Amino acid sequence: MKFTNNFKRCFVRFFICLSSSLPNRLLKCFGLALLLAAVTACTSMSNKEKEAEPTETAESQPFVLILNPYLPGVVPEPAKLEYANIKATMQGEKWVQAKGLLELMAATYPSLSGPYVNLGIVHHALGEMEEAEKALQYAIEVNPQNLGGYTRLGILYRELGRFDDAEAVYLKALGVWPHHLPSVKNLGILYDLYMGRFDDALAYYELSQNILGGEDRQLKGWIIDLKRRMKK
């Protein structure tokens, strides 16, 4: 812009000098020509300056991983030992026994959301879908940052065919942590296989790859397959 302003000042001085020596009619014609030349030069210079300015697109910006904001609360030592026993029971798929233990633990430690998440998992395994939904909803109510509760509830809704509810739950989880991988990945699956929203599915699959920080073989296969189906 400095060059343009200097050009304008020089033009004004030059025009004043000419005005003292040229006839009036000739001065008007000559001045008009100079004015058009000045406008053209200024416009050309301004356009070149704009073209020279680098433009940064979303694709050129590096991916920045958002860290997990959830900090687990203090869990009493007896609760940790109790949970270790329950976890072993669940891994052995002793669902009825695990259910009883979790109900006792939830009653003993009502401020902990973990027992309710696991109780939801057990109810789900036993086919008790309504009880599973209630347990998972309560886990989120106790601790709105328990992302495992959102994930499990979203999967439950998807299996029940409640796709809009599943989407809403995953989006709530991403409201807590935008880069929560299970929610991002499951949202992509939901859009791809159940809701037919392929553009959205591709965006979440690719976001999952970025979160992982490398090329995941499974996700790569999903992305290739999805792009192939999108071309049909």
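Preceding this section is the structure that the text describes.
Just so it is clear, the structure is predicted and the values come from calculations on it, not from any experiment. (Residues numbered from 1 in each chain as written. Predicted model: local features only at pLDDT ≥ 70, side-chain atom pairs only at ≥ 80, totals over all residues. Heavy atoms only, no water.)

## Overview of the packing of aromatic side chains
Describing an aromatic ring pair means giving the distance of the ring centres and the angle of the ring planes.
Here is step 1: One pass over the full model with this rule turns up four aromatic pairs.
Here is step 2: Measuring from centroid to centroid gives 5.8 Å for Tyr191 and Tyr204, while their planes differ by 45°, and the two rings are tilted. Of this pair, Tyr191 sits in helix α9 (residues 181–194) while Tyr204 sits in helix α10 (residues 198–212), and the two are 13 residues apart along the sequence.
Here is step 3: You can call Tyr191 buried: its relative accessible area is 2%.
Here is step 4: The ring of Phe198 has Arg229 sitting right over it, with the charged end atom 5.5 Å from the ring centre. (Phe/Tyr/Trp six-rings, centres within 6.5 Å; stacked < 30°, edge-to-face > 60°. Helix = DSSP H or I, 4+ residues; strand = E, 2+ residues; numbered from the N terminus. Buried < 20%, exposed > 50% of the residue type's maximum accessible area, 1.4 Å probe, protein only. Lys NZ or Arg CZ within 6 Å of the ring centre and 35° of its normal.)

## Section: the nonpolar core
A general feature of soluble globular proteins is that nonpolar side chains tend to end up buried together.
Here is step 1: One finds Met90, Tyr150, Leu153, Leu187 and Tyr204 to be the most contacted residues of the largest nonpolar core, which totals 46 residues.
Here is step 2: When sequence neighbours within four positions are dropped, the list of residues in contact with Leu187 reads Glu167, Tyr170, Leu171, Leu174 and Tyr204. (Core = buried A, V, L, I, M, F, W, Y, C linked by side-chain atoms within 4.5 Å. Contact = heavy atoms within 4.5 Å.)

## Points about α10
Here is step 1: Between the first and last C-alpha of α10 there are 21 Å, a value that for 15 residues agrees with the 21 Å anticipated at 1.5 Å per step.
Here is step 2: Within α10, burial applies to Ala201, Leu202, Tyr204, Tyr205, Leu207, Ser208, Gln209 and Ile211.
Here is step 3: Two residues or fewer after α10 comes Gly213, characterised by a positive phi angle close to 75°. (Expected span 1.5 Å × (residues − 1).)

## Quick look at helix α7 (residues 147–159)
Spacing of three or four residues puts side chains on the same side of an α-helix, whose turn is 3.6 residues.
Here is step 1: A rise of 1.5 Å per residue sets the reference length of α7, with its 13 residues, at 18 Å; its end C-alpha atoms lie 19 Å apart and thus fit the reference within 8%.
Here is step 2: Counting buried positions over the 13 residues of α7 gives ten, a clear majority of the element.
Here is step 3: Listing the buried residues of α7 in full gives Leu147, Gly149, Tyr150, Thr151, Leu153, Gly154, Ile155, Leu156, Tyr157 and Arg158.
Here is step 4: Those residues of α7 hidden inside the fold are in contact with α5 (114–125), α6 (129–142), α8 (163–176) and α9.

## With respect to the environment of Leu207
Here is step 1: Here Leu207 shows up in helix α10.
Here is step 2: Spatially, the C-alpha atoms of Leu207 and Gly188 are 9.4 Å apart, while their sequence positions differ by 19 residues.
Here is step 3: Leu207 has contacts with Phe63, Pro178, His179 and Val184, leaving out every residue within four places of it along the chain.

## Some thoughts on the packing of α5 against α6
Here is step 1: Taken N-terminus to C-terminus, the directions of α5 and α6 make an angle of 165°; their axes are 8 Å apart at the nearest point. On the basis of the axis angle, α5 is roughly antiparallel to α6. For the crossing formed where α5 meets α6, the hand is left-handed. Within the contact between the two elements, α5 uses Tyr116, Val117, Leu119, Gly120, His123 and His124 and α6 uses Met129, Glu131, Ala132, Ala135, Leu136, Tyr138 and Ala139.
Here is step 2: Class assignment for the residues of the contact of α5 with α6 results in nine nonpolar, three polar and one charged. (Axes fitted to C-alpha atoms, helices over the stretch in contact; angles between N-to-C directions. Parallel < 35°, antiparallel > 145°, perpendicular 65-115°, else oblique. Left-handed = near helix turned anticlockwise from the far one by under 90°. Nonpolar A, V, L, I, M, F, W, Y, C, P; charged D, E, K, R; others polar.)

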